[in-house]
Amino acid sequence: MADITGDQRIQSEVLEGLAMAVNHRRWFVELALPYLGDNPIEIGSGLGDYAIEWAEHLPKFTATEADPDRLVLLKERMAEFANIDVKQMLLPAQDPRGEYSAAVSYNVLEHIEDHVGALRSMKELVRPGGRVIIIVPAFMFAMSQVDIATGHIRRYTKKTLGAAFTEAGLEIEKLHYANALGLLGYYTATSIFKLAPKEGPMVKIYDTFVLPVTKAAERVVRPPFGQSVFCVARVPG
């Protein structure tokens, strides 16, 4: 089993804090939406914030969670959404049937020791021609105590994430950094001031004033660095 590392309580606290970063979430929702198809599955849905926004645009969506306690909360929250199915899933999946149009996973792969095996498992969940869509944190120099506490084994570059996708047998279609100013802010907050990205005025100010500028700029020019690496790859036919 590809165990997901980290303190589940701390992970939940960070997820709850970041839930208020509405502009950030909507940006990352938009990045994946063109590639999800009609019946995608999300690996590691957490509290379901991304799932809810994606499902607004789709006939069917499957949200998953590995942690049993968080799974209970996820099922409770998703109960009101008729087109969202909730499953417990830990990679590698026990019943990979290739029925999904895409597998999407945000900020999960960095927790998994065998990340190539995890990508292969996601590939097996997706029908030929579908996509595997990943966002992961970028650059090892930004590895902080927050990363370690939440179970991050690694942070990525375009090169290292691309190599993992290729080794897993996926055909890369899009690979770029996202949120350049976010990387500077994250490094300053977590490595210099030793703060966690929890709910509070810093997150709200960043999300309200800094994030929209960053998003607009990166629509014009792809930055050479970012807080995250975004990758879309095709499952071979």
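Below, the structure is looked at part by part. Note that this is a predicted model, so its numbers are computed, not measured.

Brief notes about the overall build of the protein
Looking only at helices and strands, the protein features nine helices and seven strands. Restricting to contacts in the protein with at least 6 residues of sequence separation, those with at least 24 account for 76%. On the protein, roughly 10900 Å² of surface is accessible, and the fraction owed to carbon and sulfur atoms is 57%.

Regarding a nonpolar patch on the surface
The grouping of F141, Y187, I192, F193, L195 and M202 at the surface amounts to a nonpolar patch, some 620 Å² of accessible area in total. When you line up the elements, L195 lands in the loop between α8 (180-192) and α9 (201-220). Residue classification places L195 among the partly exposed positions, given a relative accessible area of 36%.

Considerations on the pairing of strand β3 (residues 84-88)
Each regular strand shows side chains that alternate between the opposite faces of the sheet. In the sheet, strand β2 (residues 61-65) pairs with β3 via five bridges, with the strands oriented parallel. By the bridge assignment, T62 is partnered in β3 with D85. A crossover links β2 with its parallel partner β3, the connecting element being helix α4 (residues 68-78), and its sense is right-handed.

A closer look at α4
Structural remark: α-helix, 3.6 residues per turn; residues separated by three or four positions point the same way. Among the residues making up α4, those that are buried are R70, L71, L74 and M78. Here the buried residues of α4 occupy an arc of 105 degrees about the axis, which is enough to place them on one side. Turned more than 90 degrees away from the buried face of α4, the exposed residues are D69 and E76.

Regarding the sheet that holds β3
With mixed pairing, the seven strands of this open sheet are ordered in space as β3-β2-β1-β4-β5-β7-β6. Where the open sheet ends on each side, the last strands, each with one partner, are β3 and β6 (171-178). Both strand β4 (residues 100-106) and strand β5 (residues 126-137) contribute to a ladder of six bridges, which runs parallel. In the sheet register, A103 faces β5, and the bridge partner there is V132. Against the sheet, helix α5 (residues 115-125) contacts β4 and β5, and its axis sits at roughly 145 degrees relative to β5.

Digging into the packing of α5 against helix α7 (residues 158-167)
Where α5 meets α7, the closest approach of the two axes is 8 Å, and the angle between their N-to-C directions is 55 degrees. The pairing of α5 with α7 is recorded here as oblique in orientation. Classified by chirality, the crossing of α7 by α5 is right-handed. Contacts between α5 and α7 pair H115, V116, L119 and R120 from the former with A164, F165 and E167 from the latter. Looking at side-chain class alone, the contact of α5 with α7 contains four nonpolar, one polar and two charged residues.

Quick word on the environment of A55
On the secondary structure map, A55 appears in helix α3 (residues 49-55). In this structure A55 comes out as buried when scored by relative accessible area, which is 6%. Between the alpha carbons of A55 and A82 there is a distance of 9.8 Å; along the sequence they are 27 residues apart. Residues in contact with A55, not counting those within four places in the same chain, are F61, N83 and I84.

Here's the deal with the packing of aromatic side chains
Summed over all chains, the structure comprises nine aromatic pairs. One aromatic cluster is present, formed by W27, F28, Y50, W54, F61 and Y106 through successive ring pairs.

Topic: the nonpolar core
Counting residues in each nonpolar core, the largest one holds 36 residues, and the members touching the most others are L109, L119, M122, V132 and F165. Every element with two or more residues in this core is listed here: β4, α5, β5, α7, α8 and β7 (228-234). Per element, the largest residue contribution to this core is five residues, and it comes from α5. Leave out the neighbours within four places in its chain, and L109 touches H115, A118, L119, M122, I134, V136, R154, Y156 and L161. Ranked by size, the runner-up nonpolar core spans 30 residues in total, among them V29, L31, A32 and A51.

Section: the environment of E53
As for its position among the elements, E53 is in helix α3. Remark: the alpha-carbon pair of E53 and R25, spanning 28 residues in sequence, is separated by 9.0 Å. If near-sequence neighbours (up to four positions away) are discounted, E53 is found in contact with R25, R26 and V29.

So, how was this worked out
- Residues numbered from 1 in each chain as written.
- Predicted model: local features only at pLDDT ≥ 70, side-chain atom pairs only at ≥ 80, totals over all residues.
- Heavy atoms only, no water.
- Helix = DSSP H or I, 4+ residues; strand = E, 2+ residues; numbered from the N terminus.
- Contact = heavy atoms within 4.5 Å.
- Areas by Shrake-Rupley, 256 points an atom, 1.4 Å probe, with all protein chains shown as cover.
- Patch = residues over 30% accessible without salt bridge, like charges linked within 9 Å, V, L, I, M, F, W, Y side chains within 5 Å.
- Salt bridge = Lys/Arg side-chain N within 4 Å of Asp/Glu carboxyl O.
- Buried < 20%, exposed > 50% of the residue type's maximum accessible area, 1.4 Å probe, protein only.
- Pairing = 2+ DSSP bridges.
- Right-handed = clockwise from strand over helix to strand, strands pointing away.
- Arc of directions from axis to C-beta.
- Axes fitted to C-alpha atoms, helices over the stretch in contact; angles between N-to-C directions.
- Parallel < 35°, antiparallel > 145°, perpendicular 65-115°, else oblique.
- Left-handed = near helix turned anticlockwise from the far one by under 90°.
- Nonpolar A, V, L, I, M, F, W, Y, C, P; charged D, E, K, R; others polar.
- Phe/Tyr/Trp six-rings, centres within 6.5 Å; stacked < 30°, edge-to-face > 60°.
- Core = buried A, V, L, I, M, F, W, Y, C linked by side-chain atoms within 4.5 Å.

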